[in-house]
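# Structural description and commentary
Here is how the chains run, residue by residue.
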Amino acid sequence: MSDVSDRIKANLVTLRERISAAARRSDRSPEEITLVVVTKYVGPEIIQILFQHGCNEIGESRPQELWRKFEQCRDLPIRWHLVGPLQRNKAQRTVPLVSLIHSVESRLLLETLDRCGQKLGHVVPVLLEVNISGESAKHGFPPEEIPKVVDQLDRFPRVEVRGLMGISGLNITVAEIRRQFATLRELRDRLVSSGLVGPRFTELSMGMSGDFEVAIEEGATIIRVGSALFEGIETG
(Lines give C-alpha, C1' and ligand atoms only; values in the text may rest on other atoms or scores of the structure.)
Protein backbone atom coordinates (compact mmCIF):
# COMPACT_ATOMS: atom_id res chain seq x y z
CA MET A 1 0.00 0.00 0.00
CA SER A 2 3.02 2.31 0.05
CA ASP A 3 2.43 3.34 -3.57
CA VAL A 4 -1.19 4.17 -2.75
CA SER A 5 -0.12 6.15 0.30
CA ASP A 6 2.39 8.12 -1.77
CA ARG A 7 -0.24 8.87 -4.41
CA ILE A 8 -2.78 10.03 -1.83
CA LYS A 9 -0.13 12.20 -0.18
CA ALA A 10 0.73 13.80 -3.52
CA ASN A 11 -2.93 14.32 -4.42
CA LEU A 12 -3.53 15.92 -1.02
CA VAL A 13 -0.67 18.34 -1.56
CA THR A 14 -2.15 19.37 -4.90
CA LEU A 15 -5.67 19.61 -3.47
CA ARG A 16 -4.57 21.75 -0.54
CA GLU A 17 -2.64 24.04 -2.88
CA ARG A 18 -5.79 24.51 -4.95
CA ILE A 19 -7.83 25.20 -1.82
CA SER A 20 -5.29 27.77 -0.65
CA ALA A 21 -5.18 29.49 -4.04
CA ALA A 22 -8.98 29.72 -4.22
CA ALA A 23 -9.08 31.11 -0.69
CA ARG A 24 -6.48 33.76 -1.53
CA ARG A 25 -8.44 34.81 -4.61
CA SER A 26 -11.39 35.60 -2.36
CA ASP A 27 -9.33 37.24 0.42
CA ARG A 28 -9.97 34.34 2.76
CA SER A 29 -7.79 32.08 4.87
CA PRO A 30 -7.54 28.37 3.92
CA GLU A 31 -8.12 27.63 7.62
CA GLU A 32 -11.71 28.83 7.15
CA ILE A 33 -12.45 25.84 4.90
CA THR A 34 -13.08 22.31 6.13
CA LEU A 35 -12.21 19.51 3.71
CA VAL A 36 -14.59 16.57 4.00
CA VAL A 37 -13.20 13.59 2.07
CA VAL A 38 -16.02 11.57 0.52
CA THR A 39 -15.02 7.91 0.59
CA LYS A 40 -17.95 6.12 -1.03
CA TYR A 41 -15.72 4.35 -3.57
CA VAL A 42 -12.90 3.32 -1.24
CA GLY A 43 -12.51 0.89 1.63
CA PRO A 44 -11.28 1.18 5.22
CA GLU A 45 -7.63 0.66 4.29
CA ILE A 46 -7.75 3.88 2.24
CA ILE A 47 -9.49 5.71 5.10
CA GLN A 48 -6.63 4.61 7.36
CA ILE A 49 -4.15 6.16 4.93
CA LEU A 50 -6.19 9.35 4.66
CA PHE A 51 -6.19 9.65 8.43
CA GLN A 52 -2.42 9.16 8.54
CA HIS A 53 -2.11 12.11 6.15
CA GLY A 54 -4.21 14.40 8.30
CA CYS A 55 -7.73 13.81 6.98
CA ASN A 56 -10.09 13.20 9.90
CA GLU A 57 -13.29 14.61 8.38
CA ILE A 58 -14.82 11.75 6.35
CA GLY A 59 -18.09 11.86 4.43
CA GLU A 60 -20.38 9.12 3.19
CA SER A 61 -23.39 9.40 0.89
CA ARG A 62 -25.28 6.32 2.08
CA PRO A 63 -26.14 5.60 5.72
CA GLN A 64 -25.45 1.88 5.35
CA GLU A 65 -21.94 2.56 4.07
CA LEU A 66 -21.34 4.99 6.90
CA TRP A 67 -22.41 2.36 9.46
CA ARG A 68 -20.09 -0.23 7.91
CA LYS A 69 -17.05 2.01 7.66
CA PHE A 70 -17.63 3.44 11.12
CA GLU A 71 -17.34 -0.09 12.54
CA GLN A 72 -14.27 -0.87 10.41
CA CYS A 73 -12.52 2.33 11.52
CA ARG A 74 -13.90 2.75 15.00
CA ASP A 75 -10.40 2.88 16.51
CA LEU A 76 -9.72 6.14 14.64
CA PRO A 77 -10.97 9.51 16.00
CA ILE A 78 -12.74 10.37 12.77
CA ARG A 79 -15.50 12.97 12.46
CA TRP A 80 -18.09 11.35 10.20
CA HIS A 81 -20.37 13.37 7.92
CA LEU A 82 -23.48 12.14 6.14
CA VAL A 83 -23.57 14.07 2.87
CA GLY A 84 -26.32 12.13 1.07
CA PRO A 85 -30.03 11.57 1.69
CA LEU A 86 -31.14 10.18 5.05
CA GLN A 87 -34.32 8.11 5.16
CA ARG A 88 -36.16 8.57 8.45
CA ASN A 89 -36.06 4.85 9.24
CA LYS A 90 -32.24 5.00 9.20
CA ALA A 91 -31.92 8.10 11.39
CA GLN A 92 -31.82 6.40 14.79
CA ARG A 93 -28.82 4.28 13.84
CA THR A 94 -27.05 7.09 11.99
CA VAL A 95 -27.33 10.01 14.42
CA PRO A 96 -25.03 8.63 17.16
CA LEU A 97 -22.22 8.10 14.65
CA VAL A 98 -22.01 11.45 12.87
CA SER A 99 -20.68 14.88 13.69
CA LEU A 100 -22.82 16.59 11.04
CA ILE A 101 -25.72 15.67 8.75
CA HIS A 102 -25.51 17.84 5.62
CA SER A 103 -28.69 16.74 3.87
CA VAL A 104 -31.81 17.64 5.87
CA GLU A 105 -34.46 18.24 3.24
CA SER A 106 -37.85 18.03 4.98
CA ARG A 107 -39.72 19.01 8.12
CA LEU A 108 -40.53 15.34 8.69
CA LEU A 109 -36.82 14.56 8.86
CA LEU A 110 -36.33 17.45 11.30
CA GLU A 111 -39.04 15.92 13.50
CA THR A 112 -37.37 12.51 13.35
CA LEU A 113 -33.95 13.93 14.19
CA ASP A 114 -35.44 15.90 17.07
CA ARG A 115 -36.83 12.66 18.53
CA CYS A 116 -33.41 11.00 18.09
CA GLY A 117 -31.81 13.89 19.93
CA GLN A 118 -34.29 13.56 22.77
CA LYS A 119 -33.49 9.86 23.15
CA LEU A 120 -29.74 10.49 23.07
CA GLY A 121 -29.90 13.51 25.37
CA HIS A 122 -28.02 15.88 23.06
CA VAL A 123 -28.61 18.12 20.08
CA VAL A 124 -28.16 16.82 16.53
CA PRO A 125 -26.00 19.11 14.33
CA VAL A 126 -27.38 19.47 10.81
CA LEU A 127 -27.42 21.58 7.68
CA LEU A 128 -30.52 22.35 5.65
CA GLU A 129 -30.14 21.17 2.06
CA VAL A 130 -31.28 23.74 -0.50
CA ASN A 131 -32.06 22.88 -4.13
CA ILE A 132 -30.06 25.75 -5.63
CA SER A 133 -30.07 24.26 -9.14
CA GLY A 134 -33.84 23.92 -9.41
CA GLU A 135 -33.40 20.47 -10.98
CA SER A 136 -36.23 18.07 -10.17
CA ALA A 137 -33.77 15.20 -9.61
CA LYS A 138 -31.96 17.14 -6.88
CA HIS A 139 -32.92 16.95 -3.21
CA GLY A 140 -33.48 19.91 -0.93
CA PHE A 141 -35.85 22.67 0.06
CA PRO A 142 -36.64 25.33 -2.53
CA PRO A 143 -34.68 28.47 -1.58
CA GLU A 144 -37.84 30.48 -0.97
CA GLU A 145 -39.03 27.95 1.61
CA ILE A 146 -35.95 28.15 3.84
CA PRO A 147 -37.01 31.27 5.81
CA LYS A 148 -40.29 29.55 6.71
CA VAL A 149 -38.46 26.43 7.86
CA VAL A 150 -36.00 28.47 9.92
CA ASP A 151 -38.88 30.35 11.51
CA GLN A 152 -40.22 27.00 12.79
CA LEU A 153 -36.97 25.61 14.20
CA ASP A 154 -38.05 26.20 17.79
CA ARG A 155 -40.34 23.19 17.25
CA PHE A 156 -37.19 21.03 17.09
CA PRO A 157 -35.17 21.94 20.21
CA ARG A 158 -32.87 18.92 19.88
CA VAL A 159 -31.78 19.87 16.36
CA GLU A 160 -29.07 22.48 15.87
CA VAL A 161 -29.06 23.90 12.35
CA ARG A 162 -25.57 25.20 11.61
CA GLY A 163 -26.08 26.43 8.07
CA LEU A 164 -26.95 25.39 4.54
CA MET A 165 -25.84 22.82 1.97
CA GLY A 166 -26.24 22.90 -1.80
CA ILE A 167 -25.19 21.08 -4.98
CA SER A 168 -24.72 22.90 -8.26
CA GLY A 169 -26.47 21.79 -11.43
CA LEU A 170 -25.21 19.43 -14.11
CA ASN A 171 -23.84 20.49 -17.49
CA ILE A 172 -23.87 24.21 -16.78
CA THR A 173 -21.32 26.98 -17.21
CA VAL A 174 -18.91 28.13 -14.54
CA ALA A 175 -20.82 31.41 -14.42
CA GLU A 176 -24.04 29.57 -13.63
CA ILE A 177 -22.31 27.44 -10.98
CA ARG A 178 -21.01 30.64 -9.42
CA ARG A 179 -24.48 32.19 -9.46
CA GLN A 180 -25.99 29.15 -7.73
CA PHE A 181 -23.35 29.14 -4.99
CA ALA A 182 -23.77 32.90 -4.54
CA THR A 183 -27.51 32.32 -4.11
CA LEU A 184 -26.81 29.97 -1.20
CA ARG A 185 -24.37 32.39 0.43
CA GLU A 186 -26.77 35.31 0.07
CA LEU A 187 -29.58 33.23 1.57
CA ARG A 188 -27.45 32.40 4.61
CA ASP A 189 -26.43 36.03 5.00
CA ARG A 190 -30.04 37.23 4.86
CA LEU A 191 -31.04 34.74 7.54
CA VAL A 192 -28.18 35.85 9.78
CA SER A 193 -28.97 39.54 9.35
CA SER A 194 -32.66 38.90 10.01
CA GLY A 195 -31.91 37.52 13.46
CA LEU A 196 -33.89 34.34 12.73
CA VAL A 197 -30.86 32.10 13.32
CA GLY A 198 -28.33 31.71 16.12
CA PRO A 199 -24.60 32.51 16.17
CA ARG A 200 -23.62 29.01 15.01
CA PHE A 201 -25.55 29.36 11.74
CA THR A 202 -22.35 29.94 9.77
CA GLU A 203 -21.70 26.90 7.59
CA LEU A 204 -21.99 26.68 3.81
CA SER A 205 -21.39 23.14 2.56
CA MET A 206 -20.96 23.53 -1.18
CA GLY A 207 -18.48 22.42 -3.78
CA MET A 208 -17.32 18.99 -4.87
CA SER A 209 -14.40 17.72 -6.97
CA GLY A 210 -15.46 19.57 -10.12
CA ASP A 211 -16.41 22.92 -8.64
CA PHE A 212 -14.94 23.33 -5.16
CA GLU A 213 -12.70 26.24 -6.18
CA VAL A 214 -15.67 28.28 -7.35
CA ALA A 215 -17.49 27.31 -4.15
CA ILE A 216 -14.61 28.58 -2.02
CA GLU A 217 -14.52 31.84 -3.96
CA GLU A 218 -18.23 32.22 -3.22
CA GLY A 219 -17.90 31.56 0.51
CA ALA A 220 -17.94 27.80 1.12
CA THR A 221 -16.87 26.83 4.63
CA ILE A 222 -17.08 23.08 3.89
CA ILE A 223 -16.18 21.33 0.64
CA ARG A 224 -16.95 17.68 -0.12
CA VAL A 225 -14.23 16.14 -2.29
CA GLY A 226 -13.78 12.54 -3.41
CA SER A 227 -12.64 11.76 -6.95
CA ALA A 228 -10.14 14.64 -7.17
CA LEU A 229 -8.28 13.09 -4.25
CA PHE A 230 -8.27 9.55 -5.64
CA GLU A 231 -6.90 10.31 -9.09
CA GLY A 232 -4.50 7.55 -10.12
CA ILE A 233 -5.84 5.14 -7.50
CA GLU A 234 -7.94 2.11 -8.40
CA THR A 235 -11.28 2.36 -6.57
CA GLY A 236 -14.63 0.65 -6.63
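Our structure's up above, just so we're on the same page.
Residues numbered from 1 in each chain as written. Predicted model: local features only at pLDDT ≥ 70, side-chain atom pairs only at ≥ 80, totals over all residues. Heavy atoms only, no water.

### A few points about the overall build of the protein
- A count of helical and extended segments in the protein gives 8 helices and 8 strands.
- In terms of C-alpha radius of gyration, the protein reaches 17 Å, essentially the compact-globule figure of 18 Å for 236 residues.
- Seen through its C-alpha atoms, the protein measures out along the principal axes to roughly 50 × 40 × 30 Å.
- Classification of the 236 residues of the protein by burial places 51% in the buried group.
- If you sum the accessible surface of the protein, you get close to 11300 Å²; carbon and sulfur atoms cover 48% of it.
- One finds the centroid of the 31 positive side-chain charges in the protein at a distance of 4 Å from the centroid of its 32 negative side-chain charges. (Helix = DSSP H or I, 4+ residues; strand = E, 2+ residues; numbered from the N terminus. Rg over C-alpha atoms; globule rule 2.2 N^0.38 Å. Buried < 20%, exposed > 50% of the residue type's maximum accessible area, 1.4 Å probe, protein only. Areas by Shrake-Rupley, 256 points an atom, 1.4 Å probe, with all protein chains shown as cover. Lys, Arg positive; Asp, Glu negative; His and termini not counted. Charge placed at Lys NZ, Arg CZ, Asp CG, Glu CD.)

### Things to note about the environment of histidine 53
- Along the chain, histidine 53 turns up in the loop between α2 (44–52) and β2 (57–60).
- In contact with histidine 53, not counting residues within four places along its chain, are Ser5, Ile8, Lys9, Leu12 and Arg16. (Contact = heavy atoms within 4.5 Å.)

### Concerning the pairing of strand β4 (residues 100–104)
- Counted residue by residue, β4 has 5 buried out of 5 residues, so it is predominantly covered.
- Of the pairings in the sheet, the one linking β4 to strand β5 (residues 124–130) comprises 2 bridges and is parallel in character. Among the inter-strand pairings, valine 104 is bridged to a residue of β5, identified as leucine 128.
- Read from β4 through helix α5 (residues 107–120) to β5, the crossover connection turns out right-handed. (Pairing = 2+ DSSP bridges. Right-handed = clockwise from strand over helix to strand, strands pointing away.)

### Concerning α5
- In this model α5 runs 20 Å from its N-terminal to its C-terminal C-alpha over 14 residues, within 8% of the 20 Å that 1.5 Å per residue would give.
- All of the buried residues along α5 are Leu109, Leu110, Thr112, Leu113, Asp114, Cys116 and Gly117.
- The elements touched by buried residues of α5 are α4 (91–94), β4, β5, α6 (146–151) and β6 (159–166).
- Just downstream of α5, glycine 121 is the residue with a positive phi angle, here 80°. (Expected span 1.5 Å × (residues − 1).)

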